[in-house]
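# Coordinates in review
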Amino acid sequence: MTFEKTLARLEALVEALSEDDVELGHALALFEEGVVLLRAASDELARADAQVKLLVERADGTFDLPDHRG
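Residues numbered from 1 in each chain as written. Predicted model: local features only at pLDDT ≥ 70, side-chain atom pairs only at ≥ 80, totals over all residues. Heavy atoms only, no water.

## Structural notes on the overall build of the protein
- Looking only at helices and strands, the protein has two helices and two strands in total.
- Along the chain direction, N to C, the helices and strands of the protein fall in the order α-α-β-β.
- For the protein, the C-alpha radius of gyration of 18 Å lies well beyond 11 Å, the compact-globule estimate for 70 residues.
- Structurally, the protein occupies a C-alpha span of about 60 × 25 × 15 Å along its principal axes.
- For the protein, contacts bridging at least 24 residues in sequence account for 33% of all contacts bridging at least 6.
- On the protein, roughly 5,900 Å² of surface is accessible, and the fraction owed to carbon and sulfur atoms is 57%.
- Of note, the protein has its 7 positive side-chain charges centred 9 Å away from the centre of its 16 negative side-chain charges. (Helix = DSSP H or I, 4+ residues; strand = E, 2+ residues; numbered from the N terminus. Rg over C-alpha atoms; globule rule 2.2 N^0.38 Å. Contact = heavy atoms within 4.5 Å. Areas by Shrake-Rupley, 256 points an atom, 1.4 Å probe, with all protein chains shown as cover. Lys, Arg positive; Asp, Glu negative; His and termini not counted. Charge placed at Lys NZ, Arg CZ, Asp CG, Glu CD.)

## Here's the deal with the environment of Ala41
- Topologically, Ala41 is positioned in helix α2 (residues 24–54).
- The residues touching Ala41, leaving out its near neighbours within four places in the chain, are Phe3 and Thr6.

## Considering helix α1 (residues 3–17)
- In a regular helix each residue adds 1.5 Å, so 15 residues correspond to 21 Å; α1 covers 21 Å between its end C-alpha atoms and thus fits that length.
- Residues of α1 that are buried include every one of Thr6, Leu10 and Leu13, and no others. In an axial view of α1, the angular spread of the buried residues amounts to 60°, which keeps them on one side of the axis. With respect to the buried face of α1, the exposed residues turned more than 90 degrees away are Glu4, Lys5, Glu11 and Glu15.
- Considering only its buried residues, α1 is in contact with α2. (Expected span 1.5 Å × (residues − 1). Buried < 20%, exposed > 50% of the residue type's maximum accessible area, 1.4 Å probe, protein only. Arc of directions from axis to C-beta.)

## Some thoughts on the confidence of the model for the protein
- On average, residues of the protein score 89 in pLDDT, and 90% of them reach the 70 mark or higher.
- Of all the helices and strands in the protein, strand β1 (residues 56–57) carries the lowest mean pLDDT, 68, while α1 carries the highest, 97. (pLDDT = per-residue confidence, 0-100.)

## Re α2
- Between the first and last C-alpha of α2 there are 45 Å, a value that for 31 residues agrees with the 45 Å anticipated at 1.5 Å per step.
- If you check which residues of α2 are buried, you get Ala27, Leu30, Gly34, Leu37 and Ala41.

## Brief notes about the pattern of salt bridges
- Evaluation of the coordinates by the stated rule reveals two salt bridges.
- For the salt bridge of Arg9 with Glu33, the shortest nitrogen-to-oxygen distance reads 2.8 Å. Here Arg9, found in helix α1, pairs with Glu33, found in helix α2; they are 24 residues apart in sequence, far enough to count as distant.
- Given the relative accessible area of 31%, Arg9 is considered partly exposed.
- Given the relative accessible area of 29%, Glu33 is considered partly exposed. (Salt bridge = Lys/Arg side-chain N within 4 Å of Asp/Glu carboxyl O.)

Shown next as structure tokens:
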């Protein structure tokens, strides 16, 4: 799932959990799904942040992302 789709699903979960008539079992299932998605989104953001920190500016003003995989 893309980061954008993950965020959209998280927004849908928040909306569903905000309903007054959501059953407890369903609310728990939605919450658990949200936790999994939140962790995935957080991991994706951490990877993107690490890549941004690795950007190297070239002499011509462009940027390069060196391949730092072992």
